[in-house]
Amino acid sequence: MELKRWTEKRWFWPAVCLLSFAAGWWYLSITTCAQLGGDDEIINLQNYYYATHHTFWDVLLMNWKSVLPQFLLQAGRFRPFSSPPLIGWTSYFLGDLVGYRLYILAWTYADIALTGWLVGKATHNKKLGMLCFCLMPMMFSLWQDSTGNSLYSYGALVQSTLLPVLVAGLCVLRWQDTGHKRWAVIAAYCALHACATFEIGFVYIVPLFGLAWLYTGKVRPALRLSLPILAGEGAALAFNVGARVVNALRAAGILAGDAANLEGISPNFDLVAILRTWVMQMSAGFPLNAMIAGKMRPGPVEVSDVICGVVLAVAVILVLAALDRLPTPQENGILFLTGLAMLSAPALLIAVSPKYQQDGNVDWRHGYIPQTVESFGVGLMAAAVLIWLLRWARRKSWWPRRRAVVSVLLAAGMAFSVVWQRSLTRASYEGGGRDYTVFGEAVAAGIADEVGTEDPVVCDFIVWGGNLTAQKAFFQRYADTNTNAHALVVWRGESHEETTVYRLGIGRGADKNYDIAWLGLGADEPLETVTGVTVYLPPRADTEGVLQYTTRSADGTETAYTVPVQSLVSGNAEDGGLWLTIPETDPVLGDSIQLTAAE
């Protein structure tokens, strides 16, 4: 009864949703610790550099020049509203690792909020919508989602595909309420926009039909509400087919112009390969897949992990306790099937692609980027399962006596999932993110500026697999220089004639306060030793620490040194960091340069 009095206060449910949002944002933002992956590694650098070196109108004009040929069927593939690789207003969000991930997280939470709103409206049950809103953040598989091909990548591609779909769903329900055709027109455009962003947009007519069925309670009215969605998808399909026809005619030499390579996105109907890829892609959408299929183990647990887990779990328990009107079994079944459609349909679209049928692209641990929207489907399924369990438990005589115990056990299970995933994500990806950060800070501070643009600068940090264009794009983005940059792992596997070669290395310390970067002139062919070493300490570095390094003499004798930072300072960096200079003795082993705490 006490809980009921609290829930009747006007501020209670907004406060619960706000707390859930804060904890969910904090929980999902752990992915900011991971470095960029996939095509983001080069696209973000190039697009942000262009956007910051041209006017806003130039950026919009470039976007228009990229979009127009697609509507004229000149691109081979119709996706004019896809954020990468096109340059556009979204390019301004690509410059910073943390800012970029938070930008994607904003898209993600917009989708979560719209999903809760749409489910609440479709089921005529606001509390059920709140349940989806509070439950959804825990459904993402953060370990998989932190890789280059998932939730936090490709400029929020799948999130920006899902958002117009959800808006279309709200519009068709509004059309049902008001009868105004403008809502149907808006819904049709939103469906077109989604399909013109990413091809998985075509499959969303199935879950939208399920939600329309929930809203109307009948199949025929639900089919009527699906017509605007079908019209929008049909228009997008016409553009897609037209683009492919023109591309095929170019490939055959009938039309002038170069044909695009569409082999990776052309269907392959090998049923065994489709089934295997389909099941593996779906498995990646479940939150604890990394523990079950990946055999992964979490790292050290921090207080923030526990806080996120407890708050998110308590929010779900509060909504479940206040659900006085449960959906009927039929309505709950439709909700479950709607979630199943959101899980399986995007996965099936990936499964028919010959590219992802190949070993290594999709497996039991990793899926391609649609696994993000698959997690939305898992969330709807989880909500339906919780409602089934709640209905069953409330019929039992023991429920009034043991409700508190059952609630605590359920909350503990949900909190465990949050804590496990957050700690695992940090342990798996934090090192790469720290390397990216200190490398970018050192380049931006000008560590390699004096080298010029002719002599090679061979970097420990690998950009996009060591691609030369990507390595140089990194320096353009952060230092605005055309540095002749290379990746060390690639350089060592090639033969070179250059005699003057620099190595730009990273020394990852015990934590981010001991991460450093350094530059030295190569003293041997594999660049194991360097001379004339300059060390960069970022502003957060422990300036009372000591620098450890080892030298190697001509006869192979190695000597270890431990020198206080303050005795090596040679200047201040413009960003507030410090420049250190290692005294000239014998060549220094690059991998030995580390910043540690003073004893």
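Since the model is a prediction, treat every value here as computed from it, not as a measurement.

A. Focus on the overall build of the protein. The helix and strand tally for the protein stands at 20 helices and 11 strands. For the protein, the C-alpha radius of gyration of 27 Å lies close to 25 Å, the compact-globule estimate for 599 residues. Principal axes of the C-alpha set define a box for the protein whose edges measure 85 × 75 × 45 Å. Every one of the 599 residues in the protein was classed for burial, and the buried ones make up 53%. When contacts within the protein are restricted to residue pairs at least 6 apart in sequence, those whose partners lie at least 24 apart make up 77%. When the accessible surface of the protein is split by element, carbon and sulfur atoms take 61% of a total near 26400 Å². Seen as two clouds, the 43 positive and the 49 negative side-chain charges of the protein have centres 24 Å apart.

B. Region of the structure containing the pairing of strand 6 (residues 546-552). With five of seven residues buried, strand 6 is to be regarded as a mostly interior element. Relative to strand 7 (residues 558-564), strand 6 is paired through seven bridges, and the arrangement is antiparallel. Along strand 7, the bridge assignment pairs T550 with A560. Between strand 6 and strand 7, which pair antiparallel and follow one another directly, the connecting turn spans five residues, one of which, G556, has a positive phi of 90°. Across three bridges, the pairing between strand 6 and strand 11 (residues 594-596) is antiparallel. Within the sheet, the bridge partner assigned to V546 lies in strand 11 and is T596.

C. A look at the pairing of strand 3 (residues 502-507). Among the six residues of strand 3, five are classified as buried, and the element is accordingly described as predominantly covered. Where strand 3 meets strand 4 (residues 516-522), six bridges bridge the pair, whose relative direction is antiparallel. Bridge pairing in strand 4 places L504 opposite L519.

D. The arrangement of the environment of N361 in detail. In this structure, N361 sits in the loop between helix 16 (354-357) and helix 17 (371-394). A relative accessible area of 31% places N361 in the partly exposed class. Sequence separation between N361 and T277 is 84 residues, and the spatial gap between their C-alpha atoms is 9.4 Å.

E. Fine view of helix 19 (residues 468-479). Here helix 19 spans 16 Å end to end across 12 residues, near enough to the 16 Å set by a 1.5 Å rise per residue. Among all positions in helix 19, only A470, Q471, A473, F474, F475, Y478 and A479 are buried. In this structure, the buried side of helix 19 is in contact with helix 3 (40-52), helix 18 (399-445), strand 1 (457-459), strand 2 (485-487) and strand 3. Residue N467 occupies the N-cap position of helix 19, its side-chain oxygen lying 2.9 Å from the main-chain nitrogen of T469. One or two positions beyond helix 19, positive phi appears at D480, with a value near 60°.

F. Summary view of the nonpolar core. By size, the foremost hydrophobic cluster in this structure holds 97 residues, and its most contacted members are L131, L135, M138, L162, Y204 and V316. If one sorts the elements of this core by residue count, helix 17 sits on top with 12 residues. The contacts of L162, once residues within four sequence positions are left out, are D111, Y204, M342, V373 and F376. Listed in part, the 38 residues of the second largest apolar core include Y48, L94, A479 and W579.

G. Representation of helix 9 (residues 181-195). In this model, helix 9 (15 residues) spans 22 Å end to end at C-alpha, consistent with the 21 Å of a helix rising 1.5 Å per residue. All buried positions along helix 9 are accounted for by A184, A187, A188, C190, A191, L192, A194 and C195.

H. Main features of a nonpolar patch on the surface. Nonpolar side chains collect at one region of the surface, where F56, W57, L60, W89, Y92 and F93 lie side by side and expose about 640 Å² of accessible area between them. The residue L60 is located in helix 4 (residues 56-71) in this model.

I. How the structure looks around the environment of P564. Relative to the helices and strands, P564 resides in strand 7. Classification of P564 as partly exposed rests on a relative accessible area of 45%. The spatial distance from the C-alpha of P564 to the C-alpha of S407 is 55 Å, given a sequence separation of 157 residues. Setting aside residues no more than four positions away along its own chain, P564 makes contact with G545 and V546.

J. Focus on the confidence of the model for the protein. Scored by pLDDT, the protein comes out at a mean of 92, with 98% of its residues at no less than 70. Ranking the elements of the protein by mean pLDDT puts helix 1 (residues 2-7) last, at 73, and strand 1 first, at 98.

K. Spatial organisation of unusual backbone geometry. One non-glycine residue with positive phi stands out, namely H124, at about 55°. Assignment of secondary structure puts H124 in the loop between helix 5 (97-122) and helix 6 (126-135). Positive phi values are uncommon outside glycine, yet W464 reaches one of about 55°. Take W464: it is sitting in the loop between strand 1 and helix 19.

About the criteria used
Residues numbered from 1 in each chain as written. Predicted model: local features only at pLDDT ≥ 70, side-chain atom pairs only at ≥ 80, totals over all residues. Heavy atoms only, no water. Helix = DSSP H or I, 4+ residues; strand = E, 2+ residues; numbered from the N terminus. Rg over C-alpha atoms; globule rule 2.2 N^0.38 Å. Buried < 20%, exposed > 50% of the residue type's maximum accessible area, 1.4 Å probe, protein only. Contact = heavy atoms within 4.5 Å. Areas by Shrake-Rupley, 256 points an atom, 1.4 Å probe, with all protein chains shown as cover. Lys, Arg positive; Asp, Glu negative; His and termini not counted. Charge placed at Lys NZ, Arg CZ, Asp CG, Glu CD. Pairing = 2+ DSSP bridges. Expected span 1.5 Å × (residues − 1). Polar contact = N/O pair within 3.5 Å; in protein donor to acceptor, adjacent residues only side chain to side chain. Core = buried A, V, L, I, M, F, W, Y, C linked by side-chain atoms within 4.5 Å. Patch = residues over 30% accessible without salt bridge, like charges linked within 9 Å, V, L, I, M, F, W, Y side chains within 5 Å. Salt bridge = Lys/Arg side-chain N within 4 Å of Asp/Glu carboxyl O. pLDDT = per-residue confidence, 0-100.

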